[in-house]
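Tertiary structure, described
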Amino acid sequence: MKFSYLQIKRIFDVAFAFVFLFITIPFLLIVFILTKLFLGKPAIFKQKRPGLNEKIFTIFKFRSLSNTVDSNGILLPDNKRLSKFGKFIRSSSLDELPQLFNIIKGDMSFVGPRPLRVEYLKYYSPEQKKRHQVRPGITGYAQVNGRNFISWEKKFEMDNFYVENLNFFLDLSILLKTILVVIFAKNINN
């Protein structure tokens, strides 16, 4: 039986997700407790996102916003609910760690286009929908080439470039660049 790169990639994703999860469990528990302490319950943020072939799944992240409300009980805007702790877990990408469970479940990969919100699906052009031909990733080509500082059009172009040129060396270069982006907190917009 001949394996395609996508099958091999899936095997590596699951294997490394289990290893990484095992190594980081104590650290994940600390972040979980600190998130509950500084931001309240629930510590895990869940949201529906479209994945491979536009199949909807629930993404897991550590929460980075508080539940602060105004006098009418309405949540304040995101920028008013983002504390120093929330900024820290976003800028360090610690909020993404629960997505290891999404990888194990088969919803995500380490590398792929970042999953956007479900309500955006109706606005995609056929060209932009190509991003759903692969599993979404914790990191992606657009994230290491500008992240929040490039236009939506450019992000979609980069997502399509990734889908059309998917290979081991592209994934490896994205993973290595991701490490550098996180270490040096480059192109991170809180």
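Because the structure is a prediction, the values reported are computed rather than measured. (Residues numbered from 1 in each chain as written. Predicted model: local features only at pLDDT ≥ 70, side-chain atom pairs only at ≥ 80, totals over all residues. Heavy atoms only, no water.)

1. Let's talk about the overall build of the protein chain
Inclusion rule: Helix numbering and strand numbering both begin at the N terminus, where a helix is a DSSP run of H or I of at least 4 residues and a strand a DSSP run of E of at least 2. Radius of gyration means the value over C-alpha atoms here, while the globule rule gives 2.2 Å times the residue count to the 0.38 power. Burial classes follow relative accessibility: with a 1.4 Å probe on protein chains only, a residue under 20% of its type's maximum area counts as buried, one over 50% as exposed, and anything between as partly exposed. We call two residues in contact when some of their heavy atoms are within 4.5 Å. Computed with the Shrake-Rupley method and a 1.4 Å probe, the accessible areas treat only the protein chains shown as cover for residues.
A tally of regular secondary structure across the protein chain gives six helices and four strands. For the protein chain, the succession of helices and strands along the chain, N to C, is α-β-β-α-α-α-β-β-α-α. At 17 Å, the protein chain has a C-alpha radius of gyration in line with the 16 Å of a compact globule built from 190 residues. With the C-alpha coordinates aligned to their principal axes, the bounding extent of the protein chain is approximately 60 × 40 × 30 Å. Here the protein chain holds 190 residues, and 42% of them are scored as buried. In the protein chain, 67% of the contacts between residues at least 6 apart in sequence involve partners at least 24 apart. Of the roughly 11100 Å² of accessible surface on the protein chain, a fraction of 65% belongs to carbon and sulfur atoms.

2. Let's talk about the packing of aromatic side chains
The description of an aromatic ring pair uses the distance of the two centres, along with the angle that the planes make with each other. This is how it is decided: Two aromatic rings, drawn from Phe, Tyr or Trp (for Trp, its six-membered ring), form a pair once their centres lie within 6.5 Å of each other, and the interplanar angle then sorts them: stacked below 30 degrees, edge-to-face above 60, tilted otherwise. In this analysis the charged atom, NZ for Lys or CZ for Arg, is taken to sit over a ring once it is within 6 Å of the ring centre and within 35 degrees of the ring normal.
Scanning the model with the defined rule gives seven aromatic pairs in all. Measuring from ring centre to ring centre gives 5.1 Å for Phe 38 and Phe 85, while their planes differ by 25°; the resulting arrangement is stacked. Residue Phe 38 is located in helix α1 (residues 5-39), and its partner Phe 85 is located in helix α3 (residues 84-91); the two are separated by 47 residues in the primary sequence. Residues Tyr 124 and Phe 156 carry aromatic rings whose centres are separated by 5.3 Å and whose planes lie at 75° to one another, so their mutual orientation is edge-to-face. Here Phe 156 lies in helix α5 (residues 152-165) and Tyr 124 lies in the loop between β3 (109-111) and β4 (137-139), a separation of 32 residues in the sequence. Clustering of aromatic rings is evident, with ring pairs tying together Tyr 120, Tyr 124, Trp 152 and Phe 156. Just above the ring of Trp 152 sits the side chain of Lys 155; from NZ or CZ to the centre is 4.7 Å.

3. A few points about the nonpolar core
Basically, it comes down to this: Among the buried residues, those of types Ala, Val, Leu, Ile, Met, Phe, Trp, Tyr and Cys that are joined through side-chain atoms within 4.5 Å form a nonpolar core.
Judged by nonpolar contacts, the single largest core of 25 residues is most densely connected at Phe 62, Leu 100, Ile 103, Met 108, Phe 110, Tyr 162 and Ile 174. Listed by contribution, the elements that provide at least two residues to this core are α1, β2 (56-62), α3, α4 (99-105), β3, α5 and α6 (168-184). With five residues, α1 is the single largest residue contributor to this core. Sequence-distant contacts of Phe 110, defined by excluding residues within four places in its chain, comprise Asp 13, Phe 16, Ala 17, Leu 100, Ile 103, Gly 137, Ile 138, Thr 139 and Leu 175.

4. Quick word on the side chain of Gln 99
Just so we agree on the cut-off: For the purposes of these results, a polar contact is taken to be a pair of N or O atoms within 3.5 Å, where, inside protein, one atom must be able to donate a hydrogen and its partner to accept one; residues adjacent in sequence count only when each atom of the pair is a side-chain atom.
Its location among the elements puts Gln 99 in helix α4. Gln 99 sits in the buried class, given a relative accessible area of 0%. At a separation of 3.0 Å, a polar atom in the side chain of Gln 99 contacts the side chain of Arg 114. Beyond its immediate chain neighbours, meaning those up to four positions away, Gln 99 contacts Ile 59, Phe 60, Lys 61, Met 108, Arg 114 and Ile 138.

5. Considering the pattern of salt bridges
To keep it simple, the criterion reads: By definition here, a salt bridge exists when the distance from a side-chain nitrogen of Lys or Arg to a carboxyl oxygen of Asp or Glu is within 4 Å.
What the rule picks out here adds up to twelve salt bridges. For Arg 117, the salt bridge identified is with Glu 119, shortest N-O distance 2.7 Å. By relative accessible area, which is 36% here, Arg 117 ends up partly exposed. In the salt-bridge network here, residues are joined through shared partners; they are Lys 61, Asp 95, Glu 96 and Arg 114.

6. Let's talk about a nonpolar patch on the surface
Where we set the bar: Residues enter patches when their relative accessible area tops 30% and they take part in no salt bridge; the joining distance is 9 Å for like charges and 5 Å for the nonpolar side chains Val, Leu, Ile, Met, Phe, Trp and Tyr.
A cluster of nonpolar residues, Phe 168, Phe 169, Leu 172, Leu 176, Ile 179, Leu 180, Ile 183 and Phe 184, forms a patch on the protein surface that exposes about 860 Å² of accessible area. Looking at the secondary structure, you find Leu 180 in helix α6. The exposure class of Leu 180 is partly exposed, given its relative accessible area of 46%.

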